[in-house]
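Each chain, written out:
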Amino acid sequence: MKTRKQKVLSTLFFFCISLTSIAQNKFTISGNIKDGNKGEEIIAASVKVKGQNLGTRSNEYGFYSISLPEGDYTIVIYALGFTSIEKEISLDKNIQLDIALEPVKTDKTQELVEVVVSTAKKDENIRQSTMGVERLDTREIAKIPVLFGEKDIIKTLQLLPGVKSAGEGNSGFFVRGGAADQNLILLDEAPVYNASHLLGFFSTFNSDAIKDAVIYKGNQPSNFGGRLSSVLDIRMNEGNNKRFNVGGGIGLIASRLAVEGPIVKEKGSFLLSGRRTYADVFLKLNEDFKDNKLFFYDLNAKLNYKISKKDKLYLSGYFGRDVLGVGESFGFSWGNATGTLRWNRVISDKLFSNTSLIYSAYDYKIMIKSGDVDFNIVSRIKDINFKQEFQYFLNTKNKIKYGLNVIHHTITPGQIEAESTAGLNFNNQKPSKSLEYAAYINNEWSLNESFTINYGLRLSAFSVLGNGDNYYFYDEEGKVKDTTLLKNNSFQKTYFVPEPRISMSYAVNTNTSIKLAYSRNAQYIHLLSNSSTSSPTDVWMGTSLNTKPEMADQLALGWFKNLKENQYELNIEGYYKQLYNQIDFRNGADINANEILEGELLYGIGRAYGIEFIIKKKIGKLSGWFGYTLSKTERKIEGINNNEWYNARQDRTHDLSLVVIYDLSPKISLSCLFVFYTGNAVTFPSGKYQVDGQTQYSFTERNESRMPNYHRMDLGLTWNLKNKEKFESSLNFSIYNVYARENAYVINFKQNEDNPEKTEAVQLSLFRLVPAITYNFKFK
Amino acid sequence: MINTLKIFCLSSLFLFSCEKVIEVDLNDEEEKIVIEGIVVSGEEEHLVKISKTIKIGDTGTFPFVDNAQVTLWDSEGNNQVLTYFSEGVYKTVDFLGVEGRTYTLEVNWNGNTYTAHSTIPNQVKIDSLTLEEFGFGSDKYYYPVPRRMDTPNVKNYYLFKLYQNSERVEGIYLQDDQYSDGVEILQPIFGGEFKSEDTLSIEMNCIDNNVYKYFFALAQNGGGTGGSIPANPKNNFSGNCLGYFSAQTKEVKTLIIP
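Residues numbered from 1 in each chain as written. Chains lettered and ligands numbered in written order. Predicted model: local features only at pLDDT ≥ 70, side-chain atom pairs only at ≥ 80, totals over all residues. Heavy atoms only, no water.

**Observations concerning the overall build of chain B**
The following threshold applies: Starting at the N terminus, helices and strands are each numbered in turn, a helix being any DSSP run of H or I of at least four residues and a strand any DSSP run of E of at least two. The atom set for the radius of gyration is the C-alpha atoms, and the globule formula is 2.2 Å times the number of residues raised to the power 0.38. Accessibility here uses a 1.4 Å probe with only protein chains present; expressed as a share of the type maximum, an area under 20% marks a residue as buried, one over 50% as exposed, and anything in between as partly exposed. Contacts between residues were defined by any pair of non-hydrogen atoms, one from each residue, lying within 4.5 Å. Computed with the Shrake-Rupley method and a 1.4 Å probe, the accessible areas treat only the protein chains shown as cover for residues. A residue counts as positive if it is Lys or Arg and as negative if it is Asp or Glu; His and the chain ends are not included. Here the site of a charge means atom NZ of a Lys, CZ of an Arg, CG of an Asp or CD of a Glu.
A count of helical and extended segments in chain B gives 2 helices and 20 strands. Against the globule reference of 18 Å for 258 residues, chain B gives a C-alpha radius of gyration of 20 Å, in line with a compact fold. For the C-alpha atoms alone, the extent of chain B along its principal axes is close to 55 × 50 × 35 Å. The burial tally for chain B puts 52% of its 258 residues in the buried class. Of the contacts made within chain B by residues no fewer than 6 positions apart, 62% connect residues no fewer than 24 positions apart. Counting only carbon and sulfur atoms, one obtains 46% of the accessible surface of chain B, whose full area is about 11800 Å². Charge-centre separation for chain B: the mean point of 20 positive side chains lies 3 Å from the mean point of 36 negative side chains.

This is how it looks when you write it as C-alpha cells:
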C-alpha cells in the first residue's frame, strides 16, 4: 500500500511541474554572484527582471539561473550589504553572466546605505513561500552585545521569537517547544552534535569564519531532515581569492585569528580561523587553582578550488575541544570534529549539482586517576554521510531540488579505556551501528504574481544494524525479559517515514501576504538527558528495536506585512505542533554506560502551540527588532506524572526580546538588548521527611512550579578606529546584565544552618554586570 | 561529579555568582507515611521506623506512627510481630538475620497494607581501610578507600555511611561493581572533607538491587533544580508510601588519619 501511495504522490509531483512548463522560445541566463572585493560567493542574492515580478535567488554556492522568453531586459542584482547593479541584456541565446557586487562602504555617508538598500526593495519576506525562516545578518551579530564580548551566532538566534535560550548564558536552544536535541545544526552541511563550549556559555561557532546562517523553525523544505524542530544551516566563508588578509580579535577571555587568501588568484582560496580561551592562564595565578585546567579552542579551515568553468571543489573542516581538569586526578574533555568535501558542477545552465561527502563526530572523555586506579571513560558518535543534490531551474516559475542522502552512524556508549587493569574488570559494550537514508524532491512554484507554493516530499528511512552484541527487550517495569544476539552488520529492522512538506504564500498586495505551512519531520537519533541543564555527557542513542523514530507534525499560519516602504517588517506566526514517540527517563535512571539503558526509557507524546510576533527595522540609522512569543509546551509520557500532561521544561509562557542598534556616526554604533521570559517549569518539593537519618524532600506533580521570571539588559558600543586601505580596527565594549539583576540559575532547597528544622530555597545567580572589551583588527 | 564540576567552574572562575535565600511558591501536599525497615545479617534486633511527611514550609519534628501492626517474615517461614519501642520505632526480638535469605516486611496502618521484600546479599568484607589523598590548592583532603575483593559473577551493590569524629557526614554514597566485577575494588568514597587527625569511621552495607536503585534515585534528587528532574524514588513497597526496606550486611571500620 505504502509504495502505491508514494507512486501516486510522485506522479502528482511531476504533473504539477509539467503543467507549468509548456514549451516556449526561452533562453537562460546563469552564472555566479560574487563579492567583488573578496571573491566570496554570495548566498541568496536576488536577480530580478526590472518592471516585472520575475526573479530568482542565488543558491548556497552563489549560482543562479533564470529562463526568460527572447527579448530585451534590464536585470537588477542585489544582496543585503552590497550595492545593487543593473545589467541590460538582449536575450537571443543562452547567456553565462557572472556578477560581482561591491560591498556598501559603511564609512562613507550613511545616506548612501539607505538609498541603496531601499532601491533594492527588501520585500523578500512577502514573496517567499517559506515561513518560520530567519536569516541572520553576520554584520548585525557583531554589533549586538554578548556575554564576555564573544560575538555569537547562537546567542543572537536566541533573541528571535520562537527560539528560546536554554538558560543563563547557555548556547542550547529550544525551537517552538522542541527539545535541545531536536535542532539540526549544520556547519557546511556537517551535523554538529554539541554546539556548546565551556558547559554551554559559548557556542562552537567562531563568527570570524561564518558567512551565512539561516534557521528554519520546523517548516523546512524537504532537502533538510533528521530533526523535529529546526534546522540551523551555517555556512563558512570561502576565503578571499584576491589577496591575503589577516584579521583577529583580542578579548577578555578569548582571542581569535583568521588568515585568508588566494591559492591561485581568482581560482582558489583558503581560510584558516582559530580561537582559544585563556581563562586557564589566570588560573595559574591563583595558588588554589594552579593545577586546574579549563579552556577551549576552535579551528575552522576551508579550501576551495575552481577546477574548470563548471566544476568547483570545496574542502572544509572544523575541530574544537574543551579541556577541563582538576589536578592530576580528574580530567574531562569533549569536542566536535567535522569535515566536508564538496563538488559543485554546473551540468547545464539550468541544472546544478552538488555532491558532498561529510564526516562528523562528537566525543567526550573522562579521565579518572586515583591511587592505583587509572582509567578513561570514552563515548563517541561518528557519522559518515553522503549527499547528492540536483537543483533544476526549470523556468521562472519552478525551481526543483531533488537528491538523496545516506548516513552511517556509529555510536559508542561510555566505554572504559585503561592501561593498567588494577581495580578494574569490565565488559565494554560494542558500538551500535545504523544507516539513515532519505530521498527527496521539492519544488518552489510561483503560480502567479501573488501565489507561491513550496512543496515536496522527503522519504526517510532508518535501518538498525546488528553489532555482534547482546540486545535486550524489557517488560513494563523496565526489567530485561528477553535477550538476543544481533549478528554484526546484519539488518535488523528498517523504519520508513514519508515526510510531506508544503508551504504557501498568498500576497494580498505588494506589502502584505498570508502564509500557511504544514510539515512532518522525523528524527532517528535521540539525545538522552535526565538533567534540567544540558551536559556534555548526555548520551546520543539511535532508534532501535525498542525505540521508535520520533515524529512531529507542525502546522503554521502567518501574516506578513511591510510598512513604510519596506522599512519595517511585521510578521505574526502561529503554530501548532504534535510530537510522537517522545523519550524520557524513568525517575532516578542510571544513564552512564548502562548496558540496559533502554530499560530506563519511557515513551509518550507532546504538543506545543504558540504565537510569535516580530517587528523589524533593517535599514536606517536605527535598526533592530522587537520579538514576543506566547506559547505552551507539554509532554505526556506513560509512567511519568501519573500519565497526565505536564509542562515540558522548555515551556515558557512569555518570551520577549528587544534589540536596538543605533549608528551614531559612521565610526560609532550603540546597541541595547533587553530580554524577559517566564521562568522555566521546574519541580519544587512539596513536603519533607526523614530517611537514613537525613532530611529528604517529597514531590507531587512534575514541573508544576516556576523559576522566577528572567530579565536583563545588555549594552554595547562598537567604535571603528581605523578603516584604511591596508588596515582596519575597531573596539567593542559591552556590559552584560547592566542593572545587575540576580536571575536564578538554580534553586536549591537546604536546611537552614542555624535551624535545621527549617527548609529554605537558596537561589544561585551567575552573571551580574559583566563588562567586556574586545579589540578587532584586520590587515588587508 | 559533572554537576559538582559545573558549580566549581561557575563559582570559582567567573567570580560573578552569588547566593541568596528567596521566597518561592510551593505546593503543599497531604501527609504521607514513611517506612524505613532494616534487617541486618548476624543481628537479632532489627528496627522499623514509621513516620510521616510534613509540609515543606513547616518546622518542627516529623510526626511518628505508634499504632501500626508490623510483621517480619523470612524465606524459611519464621515470622514475628514487632513490638513498639518509642518515637515510631518497632523492634524484633531474637530474629536472626541470615545472608541469602529473603525477608518480607508488612505494615498495617489505618486500613492500608504496605509490603516489601528484600534479600541479604552474601557479604563482601573490607580487607583493609586505606586513604586517598587529594590536594586542592594548599588544602589536603583524605578520602577513605575500603579495599575489598568483589565476589565474581554476581552483581554487588554497596552503600556507605561516613562519620567524621563520630558525626555523620551528609550524603548518600553508593558503589557497584559494573567496572570491577570479581577484582579488588580500590575506588575511594568521595565524601566529607577529612583532615589530618580526624577519626574516620565507615559503615559498609551490601544491599540488593532494588535498595541500590532506591538510593541511587534518592541521591539524584539533590533537592535543587540544577540536576535531574526530582521525583519520589520508586521503592520496594507495594502500597503508596515513602521509604524503603533493606535486608543487608553491615561492617564498620575506623581509623585515625595520620
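**Quick look at the interface of chain B and chain A**
Just so we agree on the cut-off: Joining two parts hides part of their accessible area as seen by a 1.4 Å probe, and the buried area is that hidden amount summed over both. Salt bridges, as used here, are contacts in which a Lys or Arg side-chain nitrogen is within 4 Å of a carboxyl oxygen on Asp or Glu. Polar contacts here mean pairs of N or O atoms no more than 3.5 Å apart (in protein, one a potential hydrogen donor and the other a potential acceptor; neighbouring residues in sequence count only if both atoms are side-chain atoms). Under the scheme applied, nonpolar residues are Ala, Val, Leu, Ile, Met, Phe, Trp, Tyr, Cys and Pro; charged residues are Asp, Glu, Lys and Arg; polar residues are all the others, including Gly. Two strands make a pair as long as DSSP finds a minimum of two bridges between them.
At the interface, 80 residues of chain B touch 87 residues of chain A. Both faces considered, chain B and chain A share a buried interface measuring about 7500 Å² in area, 60% of it formed by carbon and sulfur atoms. Applying the counting criterion to the chain B and chain A interface returns 5 salt bridges. We note a salt bridge from Glu19 of chain B to Lys750 of chain A, for which the minimum N-O separation is 3.8 Å. Applying the counting rule to chain B against chain A returns 13 residue pairs in polar contact (both at pLDDT 80 or more). The set of elements that each furnish at least two residues to the side of chain B that touches chain A consists of helix 1 (2-13), strand 1 (18-22), strand 2 (33-40), strand 3 (47-52), strand 4 (54-55), strand 11 (126-136), helix 2 (209-221) and strand 19 (242-248) of chain B. Broken down by element, the side of chain B that touches chain A gets its largest block of residues, 9 residues, from helix 1 of chain B. When its residues are assigned to classes, the side of chain B that touches chain A shows 37 nonpolar, 24 polar and 19 charged. Two elements, strand 43 (residues 687-691) of chain A and strand 4 of chain B, share 2 bridges in a ladder whose sense is antiparallel.

**Overview of the packing of aromatic side chains**
To be explicit about the condition: Here is the rule: rings of Phe, Tyr and Trp (six-membered ring for Trp) pair when centre to centre is within 6.5 Å. Planes less than 30 degrees apart are stacked, more than 60 are edge-to-face, and the remainder are tilted. In our convention, an over-ring charge means Lys NZ or Arg CZ found within 6 Å of a ring centre and within 35 degrees of that ring's normal.
Tallied over the entire structure, the rule returns 33 aromatic pairs over all chains. Geometrically, the ring pair formed by Phe63 of chain A and Phe352 of chain A is stacked, given 5.0 Å between the ring centres and 25° between the ring planes. Of this pair, Phe63 of chain A sits in strand 4 (residues 63-69) while Phe352 of chain A sits in strand 24 (residues 351-370), placing them 289 residues apart in sequence. Phe352 of chain A gets classed as buried once you look at its relative accessible area, which sits at 3%. For the pair Tyr214 of chain B and Tyr244 of chain B, a centre-to-centre distance of 5.3 Å together with 35° between the ring planes defines the contact as tilted. With Tyr214 of chain B in helix 2 and Tyr244 of chain B in strand 19, the pair connects residues that are 30 residues apart, well separated along the chain. Within the aromatic cluster, the residues linked to one another by ring pairs are Tyr61, Phe63, Tyr314, Phe352 and Phe393 of chain A. Over the ring of Phe560 of chain A we find Lys515 of chain A; its NZ or CZ atom is 4.0 Å from the centre of that ring. One Lys or Arg, Arg652 of chain A, reaches over the ring of Tyr677 of chain A and ends 4.0 Å from the middle of that ring.

**Here we look at the pairing of strand 40 (residues 654-663) of chain A**
Residues and elements named next belong to chain A. As defined by bridge partners, strand 38 (residues 622-637) adjoins strand 40 across 9 bridges and the pair is classed as antiparallel. The residue of strand 40 that forms the bridge with Gly627 is Ser657. Across 9 bridges, the pairing between strand 40 and strand 41 (residues 668-677) is antiparallel. Paired with Ile661 across the two strands is Ser671, which belongs to strand 41.

**Describing the side chain of Lys433 of chain A**
All names here are of chain A. One can find Lys433 in strand 27 (residues 432-446). The side chain of Lys433 is buried and forms no salt bridge, while Asp469, the nearest opposite charge, is found at 11 Å. A polar side-chain atom of Lys433 sits 3.2 Å from a polar atom in the side chain of Asn489.

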